[in-house]
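The primary structure of each chain is shown beneath.
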Amino acid sequence: MSSSIMKRTCYVGGLDEQVDKKTLQAAFAPFGDLKTVEIPVDMKTGKHRGFGFVEFMDVEDAEAAMDNMHHAELFGRTLRVNLARAPTNKPGEGSNRPIWADDFFYRKSLQDEGMEDGEGLAEPADI
């Protein structure tokens, strides 16, 4: 993603279950022309995870939306609105961690190599 798209895209957190793309679009349309509205859905539950992204055509409109909608209420829930951030490559909780990051395999590999304290190896939490 280019930095300009990141400056035009708002992250909207704190969405109630009832909020759908049309509702989110209607809430943010007064601030300017919208390019896209997305609410990622959890594949397991089929429900969204309480956040969405609103991409504006202009940076100024995105800034106005953040200024006006941050801490606003929608369906009784307080919204958190800020600039969307580019996804980082740091593994987080629940990410698809490699097998060696699993504690059991980590300790087993240390034993196999005759190391007890794992000196010089990064702990999975430090990566």
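Keep in mind that what you see is a predicted model, and the values were worked out from it rather than measured.

### Some details on the packing of aromatic side chains
And step 1. Following the criterion strictly, the structure yields four aromatic pairs and no others.
And step 2. A ring pair is formed by Phe28 and Phe31, whose centres lie 6.4 Å apart and whose planes are at 55°; its orientation type is tilted. Each member of the pair Phe28 and Phe31 is classed as buried.
And step 3. Here a set of aromatic residues connected by ring pairs shows up, and it is made of Tyr11, Phe51 and Phe53.

### So, the environment of Glu17
And step 1. Tracing the backbone shows Glu17 in the loop between β1 (9–13) and α2 (21–28).
And step 2. The residues touching Glu17, leaving out its near neighbours within four places in the chain, are Lys47 and His48.

### Some remarks on the pattern of salt bridges
And step 1. In this structure the tally under the stated criterion is five salt bridges.
And step 2. Across the pair Lys47 and Glu17 runs a salt bridge, and its minimum N-O distance is 3.9 Å. Taken as a pair, Lys47 in the loop between β2 (34–38) and β3 (51–56) and Glu17 in the loop between β1 and α2 lie far apart in primary sequence, 30 residues in all.
And step 3. Given the relative accessible area of 46%, Lys47 is considered partly exposed.
And step 4. Between Glu55 and Lys35 there is a salt bridge; the shortest N-O distance is 4.0 Å. Pair noted here: Glu55 is in strand β3 and Lys35 is in strand β2, with a separation of 20 residues, a long-range link.
And step 5. Within this structure, Arg8, Lys35 and Glu55 form a network of salt bridges that share partners.

### Here we look at α2
And step 1. Where α2 is concerned, the buried positions are Leu24, Ala27 and Phe28. Along the long axis of α2, the arc covered by the buried residues comes to 85°, so they all point the same way. Turned more than 90 degrees away from the buried face of α2 sit Lys22 and Ala26, all of them exposed.
And step 2. Buried residues belonging to α2 abut β1, β2, β3, α3 (59–69) and β6 (80–83).
And step 3. Measuring from the backbone nitrogen of Lys22 back to the side-chain oxygen at the start of α2 gives 3.2 Å, which picks out Asp20 as the cap.

Thresholds applied
- Residues numbered from 1 in each chain as written.
- Predicted model: local features only at pLDDT ≥ 70, side-chain atom pairs only at ≥ 80, totals over all residues.
- Heavy atoms only, no water.
- Phe/Tyr/Trp six-rings, centres within 6.5 Å; stacked < 30°, edge-to-face > 60°.
- Buried < 20%, exposed > 50% of the residue type's maximum accessible area, 1.4 Å probe, protein only.
- Helix = DSSP H or I, 4+ residues; strand = E, 2+ residues; numbered from the N terminus.
- Contact = heavy atoms within 4.5 Å.
- Salt bridge = Lys/Arg side-chain N within 4 Å of Asp/Glu carboxyl O.
- Arc of directions from axis to C-beta.
- Polar contact = N/O pair within 3.5 Å; in protein donor to acceptor, adjacent residues only side chain to side chain.

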